[in-house]
Amino acid sequence: MSLFLFGCGSDTGEFYHASLGLGTPKIIVASNVVGQYGLAMYDINGNFIRSLADYTPANTAPRGLEVLNEFEFLVAYDGANIDGIHRFDIFSGETNFVVDTNLSGNIFQVRRHEDHGVFVIESNTIESFDDLGARINAPRIATTIGACVLSTPRAMAFTSAGYLAVVGIGNDDLLIYDVTDPANTACVSANGTLAGAVDPVAILAHSDGYLYVATQGDDRIYRFSGDGLGAATVVFNNPAFVLNPTALTEMPDGTLLIASDGTNSLVNITTAGMLVGSNYLVSDSFTNSISDLIILQEAD
Amino acid sequence: MIFILSLFIQMASADWFNTWSLEGAFGATQQTIENPNSTDANYSGYAGQVMVAATFFKGENFNFGPNLKYFYAELDNKANTATMSEALRTYGVAPGLELRVSNFFVGYGYRIQRLAVELSGNFQNKISTRFETGEFNIGIEIPFDAWALRFYYSQSQESIPHADTGLSADSPRREQSVFLAIRYTFGASRPLSPWEVQREQRVKDDISSTPEDSMPRPYRRSFRQSYSDRTNIMND
């Protein structure tokens with residue numbers, strides 16, 4: 001009857017974003033527990049929504065997550081036989097984004113910049129790809145460029161100036177790279193003020209302009225200036241909540257969400273170092289050993 | 001809503017209305033909701049409504065009056081797949097006004113409605129929001145004594161506030177429906193259609209007319225006299 005009355009419209013369209021739940025932010029975590037590799041999704045209040053993917057059968061550990069849009073993100077995975085990057089849709093699952101035989105080292109975090117491409121940590125180098133998954137340079141950032149030395153790098157973030165900030169647990173340096181020219185990456189600065197076995201494992205370029213760094217050696221959250229220069233100040237130091245932090249991200253309200261491996265939880269604190277609420281935001285089997293976490297939300 | 005209903009009842013008790021009608025309608029409906037990224041969610045399904053209508057004024061070829069209806073529509077997203085589907089329901093009440101001229105009518109309703117969307121399959125979610133909007137109707141009525149068959153088109157359009165959905169922008173929504181309706185009008189004072197008026201006039205003419213009416217005036221007196229004489233002879 002509808003066809004008769006309204007014509008044979010062939011535009012099937014899409015689902016309504018509000019019914020897809022895209023109006024409310026989601027927390028995605030990558031679980032790195034051996035035998036329990038996978039992705040899980042929570043609402044912004046920490047309520048478990050569902051398991052998104054099980055990476056255990058393929059014996060691949062999801063190590064890095066990066067937001068693409070309100071329902072898609074990248075997953076950098078390190079496998080026993082193969083490494084790569086998936087493009088993951090929370091409704092339909094993963095598709096291959098990068099399958100490259102040269103991507104065979106120890107894979108960790110993945111980051112994307114609109115102009116500079118997709119960057120992924122591979123052992124003591126950083127590889128990069130364009131938005132179609134084609135490799136750029138080999139590698140994009142070598143182990144040593146000027147004063148910057150990648151030593152067991154674990155995390156990256158693009159600063160407000162568009163530079164790539166990298167932290168690693170080998171030399172504990174905060175490295176700042178200019179990646180504007182794909183053929184000629186430059187070292188902007190190498191900040192060694194964290195030296196002392198603090199093991200920085202996560203870095204966040206916050207919307208307030210500062211860089212926040214989580215360290216496993218002393219279980220703290222540090223704040224650096226936006227250009228990564230100078231000494232850091234301690235923002236949070238309470239091992240009862242943050243013990244062996246592994247990942248860090250910014251909540252929609254500007255507070256910090258920290259994955260704490262030692263307490264098997266997600267912890268929410270303000271940038272002033274105050275705990276939000278009176279306890280962990282989440283503590284369950286998926287928050288046991290988180291390798292990375294992101295927030296999916298609609299762009300403004 | 002209670003205010004509108006009580007106003008309706010008070011007007012009725014004060015004999016403001018000439019006629020009362022009850023209508024049931026069923027039809028097909030299509031809705032489109034625009035996402036913030038300018039893509040559309042398209043739905044199709046069925047709709048039904050029941051209406052109480054009255055008339056303030058009536059004439060041979062027109063009437064005008066208020067109505068109050070309850071409406072319900074159930075639709076499926078055209079993008080539904082075997083693994084994920086989205087169902088949309090809208091329901092609510094709408095006080096309105098309708099003007100009929102000859103066999104054609106136009107109407108406006110102020111909808112107070114709830115919209116509920118349920119996603120099922122791989123991903124489950126429910127949202128529900130309440131808002132007001134206007135609807136326009138245009139149609140044709142074919143009367144059969146107290147009964148009438150009506151066919152009409154209805155359209156409404158508004159934006160679902162982003163504060164209700166959490167999305168980054170309001171969601172423009174368009175709805176189009178077509179209805180086939182049956183209406184029954186209570187009492188004898190239902191306004192007559194043009195051909196009903198003509199038929200009643202013909203009947204009236206047949207009853208009131210005598211052979212004398214068709215004669216020229218000078219002959220009417222002699223006719224009445226001879227008619228009377230014949231009647232008297234027969235009585236004798």
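Above this text sits the structure in question.
Residues numbered from 1 in each chain as written. Chains lettered and ligands numbered in written order. Predicted model: local features only at pLDDT ≥ 70, side-chain atom pairs only at ≥ 80, totals over all residues. Heavy atoms only, no water.

Observations concerning the overall build of chain A
Okay, step 1: Along its length, chain A carries 1 helix and 25 strands.
Okay, step 2: Relative to the globule expectation of 19 Å for 300 residues, the C-alpha radius of gyration of chain A, 20 Å, shows essentially globular dimensions.
Okay, step 3: For the C-alpha atoms alone, the extent of chain A along its principal axes is close to 75 × 50 × 35 Å.
Okay, step 4: Contacts in chain A between residues far apart in sequence, at least 24 positions, make up 46% of those at least 6 positions apart.
Okay, step 5: Counting every atom, chain A has about 11700 Å² of accessible surface; 48% of that belongs to carbon and sulfur.
Okay, step 6: Where the 11 positive side-chain charges of chain A centre and where its 34 negative ones centre are 2 Å apart. (Helix = DSSP H or I, 4+ residues; strand = E, 2+ residues; numbered from the N terminus. Rg over C-alpha atoms; globule rule 2.2 N^0.38 Å. Contact = heavy atoms within 4.5 Å. Areas by Shrake-Rupley, 256 points an atom, 1.4 Å probe, with all protein chains shown as cover. Lys, Arg positive; Asp, Glu negative; His and termini not counted. Charge placed at Lys NZ, Arg CZ, Asp CG, Glu CD.)

Some words on the sheet that holds strand β9 (residues 117-122) of chain A
Residues and elements named next belong to chain A.
Okay, step 1: Spatial strand order, β8-β9-β10-β11: 4 strands in an open sheet with antiparallel pairing. If you trace the sheet from one side to the other, it starts and ends with β8 (107-113) and β11 (135-141), each paired once. Across this sheet, the average inter-strand angle for adjacent strands is 20°, counted without regard to direction.
Okay, step 2: As paired elements, β8 and β9 share 5 bridges and run antiparallel to each other. Following the sheet pairing, arginine 112 is matched in β9 by valine 118. (Pairing = 2+ DSSP bridges. Axes fitted to C-alpha atoms, helices over the stretch in contact; angles between N-to-C directions.)

A few points about the pairing of strand β5 (residues 72-79) of chain A
Residue and element names in this part refer to chain A.
Okay, step 1: Taken across its 8 residues, β5 has 8 buried, putting it largely inside the fold.
Okay, step 2: Side-chain alternation along β5 places Glu72, Leu74, Ala76 and Asp78 on one buried face and Phe73, Val75, Tyr77 and Gly79 on a second face that is also buried.
Okay, step 3: When strand β4 (residues 60-67) meets β5, the two strands line up antiparallel, connected through 7 bridges. Bridge pairing in β5 links valine 67 to phenylalanine 73.
Okay, step 4: The antiparallel pairing of β4 with β5 creates a hairpin that spans 4 residues between the two strands. (Buried < 20%, exposed > 50% of the residue type's maximum accessible area, 1.4 Å probe, protein only.)

Description of the interface of chain A and chain B
Interface size is often expressed as the accessible area that is lost when the parts come together.
Okay, step 1: At the interface, 24 residues of chain A touch 37 residues of chain B.
Okay, step 2: Here chain A and chain B share 0 salt bridges between them.
Okay, step 3: If you look at where chain A meets chain B, you find 10 residue pairs in polar contact (both at pLDDT 80 or more).
Okay, step 4: Of all elements in the fold, only α1 (2-6) and β3 (48-54) of chain A reach the threshold of two or more residues within the side of chain A that touches chain B.
Okay, step 5: The element contributing the most residues to the side of chain A that touches chain B is α1 of chain A, with 3 residues.
Okay, step 6: Split by residue class, the side of chain A that touches chain B holds 12 nonpolar, 7 polar and 5 charged. (Salt bridge = Lys/Arg side-chain N within 4 Å of Asp/Glu carboxyl O. Polar contact = N/O pair within 3.5 Å; in protein donor to acceptor, adjacent residues only side chain to side chain. Nonpolar A, V, L, I, M, F, W, Y, C, P; charged D, E, K, R; others polar.)

Quick notes on the pairing of β3 of chain A
Residue and element names in this part refer to chain A.
Okay, step 1: The pairing of strand β2 (residues 38-43) with β3 spans 5 bridges and is classified as antiparallel. From the neighbouring strand, methionine 41 faces β3, where its bridge partner is arginine 50.
Okay, step 2: The hairpin turn running from β2 into β3, its antiparallel successor, is 4 residues long, and glycine 46 in that turn takes a positive phi close to 90°.

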